[in-house]
Amino acid sequence: MPGNDRVDPRIERAIAWLRDRLAAPVSLADAAAVAHLSPSRFRHLFVAQTGVSFRAYLLWARVAAAMAAGMNGDSWTTAAQNAGFAIA
């Protein structure tokens, strides 16, 4: 995390909440509400604390979850669906 060894507890709470809901639709506004911040303040603080945008972090977390599940034996289709990637 850029410039700080400790992540703001509001961002930590939002990240933990997000990781529990990777398969569900998640919006920045939802995560901001979990952090008890306005969406604009949350967006700014998230980038300051993590170095990436909320959207990029969400995509990275979903890819990481799908890769882990696939490497642990799930079919790649199931792994992707369970990580929040939908088949159109």
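For the structure, see preceding data.
In this report, the structure presented in the accompanying data block is examined.

Reading the values: rules and limits
- Counting of residues starts from 1 at the beginning of each chain's written sequence and follows it residue by residue.
- Note on the predicted model: pLDDT of at least 70 is required for a residue's local features to be given, and 80 or more for side-chain atom pairs to be given and counted; whole-chain, interface and lining totals, by contrast, use all residues.
- No hydrogens and no water enter the side-chain calculation; it runs on all heavy atoms of the structure.
- By salt bridge we mean one thing: a side-chain nitrogen of Lys or Arg within 4 Å of a carboxyl oxygen of Asp or Glu.
- Here the term buried applies to any residue with accessible area under 20% of the maximum for its type, exposed to any over 50%, and partly exposed to those in between, with areas from a 1.4 Å probe on protein chains only.
- Elements are defined by DSSP. Helices are runs of H or I of four residues or more, strands are runs of E of two residues or more, and each kind is numbered from the N terminus.
- What a helix is expected to span follows from its residue count: subtract one and scale by 1.5 Å.
- Throughout, a contact is declared for two residues whenever any of their heavy atoms are within 4.5 Å.
- Distance thresholds for patches are 9 Å for like charges and 5 Å for nonpolar side chains (Val, Leu, Ile, Met, Phe, Trp, Tyr), applied to residues having over 30% relative accessible area and no salt bridge.
- For every accessible area listed, the method is Shrake-Rupley and the probe measures 1.4 Å; residues are considered covered only by the protein chains on display.

Under the counting rule described, the total for this entry stands at two salt bridges. When the shortest N-O distance is used, the salt bridge between R6 and E12 registers 2.9 Å. The partly exposed category is assigned to E12, whose relative accessible area is 32%. Close ionic contact of D8 with R10 constitutes a salt bridge, the shortest N to O distance being 2.8 Å. Its relative accessible area of 16% is what places D8 among the buried residues.

You will see that H36, though not glycine, has its phi angle at about 60°, which is positive. With respect to the helices and strands, H36 occurs in the loop between α2 (28-34) and α3 (39-50).

With that out of the way, let us pick up helix α4 (residues 54-71). Its 18 residues give α4 an end-to-end C-alpha distance of 26 Å, which sits within 8% of 26 Å, the value for a rise of 1.5 Å per residue. Listing the buried residues of α4 in full gives F54, Y57, L58, A61, R62, A66, A69 and G70. Where the residues of α4 are buried, they touch α1 (9-19), α2, α3 and α5 (76-82). Positioned one or two residues after α4, G73 has a phi angle of 110°, which is positive.

This part covers the environment of L22. In this structure, L22 sits in the loop between α1 and α2. With relative accessibility at 10%, the residue L22 sits in the buried group. Placed 14 residues apart in sequence, L22 and H36 show a C-alpha to C-alpha distance of 20 Å. Residue contacts for L22: discarding those within four places in its chain leaves L58, A61, R62, A65, A83 and G84.

Let us now look at a nonpolar patch on the surface. On the surface, L59, V63, M67, M71 and W76 cluster together into a nonpolar patch covering about 540 Å² of accessible area. Examining the composition of the nonpolar patch, we find that four residues originate from one element, α4, more than from any other. Looking at the element boundaries, M67 is found in helix α4. Of the residues examined, M67 reaches a relative accessible area of 43% and is grouped as partly exposed.

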